[in-house]
Amino acid sequence: WIRTLKYVSRVLRMQQRRTIIILAVIVVSGITEGVALGLLLPLLSMVGIEGASPSSAVQSISTALQYIGLPITLATVLLVFVSLGIAQVLINYTNQRLLFSVVESLTTLLRKRIFLSVSEASWSALTREHRAYVTSAIVHDAQRIGDSIRYALLICGVGVVFVVYVGFAFWLSPTFSTLAL
């Protein structure tokens, strides 16, 4: 694991700026999703829908909506919820585009390096190896490394989102959050 993580971090340093942007977008996406889902019941309780209990979160949201100047009606609540959903879709789209771009550029770079190494190798070494091994390294192994980089980025981002979700859960209901953990 440690060797793999060192390699992935070394490869990601080649695309450091875009990697940081991807991680930030993953976190923003998760926060947007969590806020949208977490605010659904408090928003509905503000307009009197049964089954949603008022809490300190409802008071904070109500204050924020009044500060912005939005009336607290069912239409406003649904507008806020739909707006968060649309924002989440746009953020996820941006995230997937960035992630694809980074992984593909790193995979292409790795393929070029493998091809360069093969072209500079001695012919006696290449004739002893099966051509299928070289082709497999250029095509499949480079793609597997690209996939591992994609998953490493996603795991890092989801880990941060998990911490934010737990914090948000404690903000909404400390008692139930403690019982759930």
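Residues take numbers from 1 onward in each chain, read along the sequence in its written order. Per-residue local features of the predicted model are confined to residues with pLDDT of at least 70, and side-chain atom pairs are confined, for both listing and counting, to 80 or more; whole-chain, interface and lining totals are unaffected and use all residues. Excluding hydrogens and water, the side-chain values take into account all heavy atoms of the structure.

S.K.: Explain the overall build of the chain to me, using residue names and the numbers behind them.
M.R.: Helix and strand content of the chain: seven helices and zero strands. Strands are runs of DSSP state E lasting at least two residues, helices are runs of H or I lasting at least four, and both sets are numbered from the N terminus onward. Going residue by residue from the N terminus, the α and β elements of the chain occur as α-α-α-α-α-α-α. Burial here depends on accessible area, computed with a 1.4 Å probe over protein chains only, as a share of the maximum for the residue type. Under 20% is buried, over 50% is exposed, and the range in between is partly exposed. Looking at the 181 residues of the chain, the share that counts as buried comes to 28%. Long-range pairs, those at least 24 residues apart, make up 77% of the contacts in the chain with a sequence separation of at least 6. Exposure was quantified through the Shrake-Rupley algorithm and a 1.4 Å probe, taking into account, for residues, occlusion by the shown protein chains and nothing else. Roughly 12100 Å² of accessible area belongs to the chain as shown, and the carbon and sulfur atoms make up 68% of that amount. Residue contacts are defined here by distance: any two heavy atoms, one from each residue, within 4.5 Å place the two residues in contact.

S.K.: Describe the nonpolar core, with residues and values.
M.R.: Nonpolar side chains in soluble globular proteins generally cluster together in the buried interior. Nine residue types can take part in a nonpolar core, namely buried Ala, Val, Leu, Ile, Met, Phe, Trp, Tyr and Cys, and a core is a set of them joined through side-chain atoms within 4.5 Å. Val11, Leu12, Ile22, Ile26, Leu99, Val102, Val103, Leu106, Ile149 and Leu153 form the largest nonpolar core, which has ten residues in total. Elements with a contribution of two residues or more to this core: α1 (2-13), α2 (16-46), α4 (74-120) and α6 (131-172). The biggest single contributor to this core is α4, with four residues. Those residues in contact with Leu12 that sit more than four places away from it in its chain are Thr19, Leu106, Ile149 and Leu153. Counting six residues, the second-largest nonpolar core is a separate cluster that includes Ala36, Leu39, Ile61 and Leu84.

Limitation: the analysis is restricted to geometry and does not speak to function.
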